[in-house]
Amino acid sequence: AALPVVLRALVDVTDDGIVTGRAAPRELAAPNPDARRLVDAFIAARLLVAGTLGDAARIRVAHDALLSGWPRAAQAIAADREALCTRGRAEAAAHRWLLEQRDPDFLLPPGRPLAEAAELATARPESLGADAHAYVDASRQVDTARGEAAAALAQRELRLEAETQQARADAA
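Residues numbered from 1 in each chain as written. Predicted model: local features only at pLDDT ≥ 70, side-chain atom pairs only at ≥ 80, totals over all residues. Heavy atoms only, no water.

Student: Which residues make up the overall build of the protein chain, and what are the values?
Tutor: Looking only at helices and strands, the protein chain features 8 helices and 5 strands. Ordered by position in the sequence, the α and β elements of the protein chain form the string α-β-β-β-α-α-β-β-α-α-α-α-α. For the protein chain, the C-alpha atoms occupy an extent of roughly 90 × 35 × 30 Å along the three principal directions. Relative to its full complement of 172 residues, the protein chain shows a buried share of 28%. Within the protein chain, counting contacts between residues at least 6 apart in sequence, those at least 24 apart form 58% of the total. With the model as given, the accessible surface of the protein chain reaches about 10400 Å², and the carbon-plus-sulfur share is 55%. (Helix = DSSP H or I, 4+ residues; strand = E, 2+ residues; numbered from the N terminus. Buried < 20%, exposed > 50% of the residue type's maximum accessible area, 1.4 Å probe, protein only. Contact = heavy atoms within 4.5 Å. Areas by Shrake-Rupley, 256 points an atom, 1.4 Å probe, with all protein chains shown as cover.)

Student: Which residues make up the pattern of salt bridges, and what are the values?
Tutor: Going through the model one piece at a time under the given rule, you end up with 13 salt bridges. Residues R26 and D40 are paired through a salt bridge, measuring 2.1 Å at the closest nitrogen-oxygen approach. Of this pair, R26 sits in helix α2 (residues 26–29) while D40 sits in helix α3 (residues 33–44), placing them 14 residues apart in sequence. You can call R26 partly exposed: its relative accessible area is 24%. Close ionic contact of E100 with R96 constitutes a salt bridge, the shortest N to O distance being 3.2 Å. (Salt bridge = Lys/Arg side-chain N within 4 Å of Asp/Glu carboxyl O.)

Student: Account for the nonpolar core, naming residues and giving values.
Tutor: Judged by nonpolar contacts, the single largest core of 25 residues is most densely connected at L7, L10, V11, L48 and I77. Secondary-structure elements contributing two or more residues to this core are α1 (2–10), β1 (11–13), α3, β5 (56–61), α4 (65–69), α5 (71–79) and α6 (81–99). When residues in this core are grouped by element, the largest group, 6 residues, is from α1. Among all residues touching L48, those that are not within four sequence positions of it are L10, V39, F42, I43, I59, R60, V61 and A62. Judged by nonpolar contacts, the second largest core, of 15 residues, contains W97, L107, A121 and V136. (Core = buried A, V, L, I, M, F, W, Y, C linked by side-chain atoms within 4.5 Å.)

Student: Any details on the environment of D16? Residues and values, ideally.
Tutor: Relative to the elements of secondary structure, D16 occurs in the loop between β1 and β2 (19–21). Taking the C-alpha atoms as reference, D16 lies 9.0 Å from C85; in sequence the two are 69 residues apart.

Student: So, α1: which residues are in play, and what are the values?
Tutor: Counting along an α-helix, one turn takes 3.6 residues, and residues three or four places apart therefore face a common direction. Counted residue by residue, α1 has 7 buried out of 9 residues, so it is predominantly covered. Looking at α1, one finds that the buried residues are A2, L3, V6, L7, R8, A9 and L10.

Student: Give a description of unusual backbone geometry that names residues and reports values.
Tutor: Within the chain, R46 stands out as a residue other than glycine whose phi angle is a positive 65°. Accessibility expressed as a relative area gives 69% for R46, which makes it exposed. The backbone of Q101 shows a phi angle near 55°, a positive value even though the residue is not glycine. Position of Q101 relative to the elements: it lies in the loop between α6 and α7 (112–123). We classify Q101 as exposed; its relative accessible area is 71%.

Student: Could you give an account of the pairing of strand β4 (residues 48–53), with specific residues and numbers?
Tutor: Sheet topology note: the β4/β5 ladder contains 6 bridges and is antiparallel. Each bridged residue has a counterpart across the sheet, and for L53 the counterpart in β5 is A56. (Pairing = 2+ DSSP bridges.)

Student: Outline the layout of surface pockets, supporting the account with residue identities and numerical values.
Tutor: Taken as a whole, the largest pocket holds about 270 Å³ of empty space. Taken together, 16 residues form the lining of the largest pocket, with E91, G129, A130, D131 and A132 sitting closest to its centre. When residues of the lining of the largest pocket are traced back to their parent elements, those giving at least two are β3 (24–25), α6 and α8 (130–171). Of all the elements, α6 adds the most residues to the lining of the largest pocket, at 4 residues. (1 Å grid on protein atoms, 1.4 Å probe; cavity = no way out; pocket = protein on both sides within 12 Å on 5 of 7 lines; lining within 4 Å. Points joined across faces, edges and corners; volume = space filled by probe spheres on them.)

Right under this line is the structure:
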């Protein structure tokens, strides 16, 4: 049960299905005792590489061939393919949003992109970093505000139509 947790943190999958390793904070890749034991064993076997970035301990897969050449890893990645693709899209979009200084024009559009990212953020919050969570939350807030504004406009139009019909009936 620990292998899928570890792989989720250390693997990226593109929309084209290309699987690559990525560096991740140790606490993200090993969030529980079973995952920590597995990570320690993989580091000892030189299947994972440990390092630091600033003050943060980071780990990564030693060779991407492990991800496709080991059937158990390949199966775990295949089972999470959609979630990993969604995470990749959300993180890339969040990065762009941050580069654009959180410009609302770069938030997730309503529909499937927002629904998928929101589902991932809710079902697997550990899958997204703080910036991606902030991005998904901001996208949801804007979408909710749009929906509320559309509902208020529809109510206003209905009220005006009813008033118009009443005025016509009174005039007749």
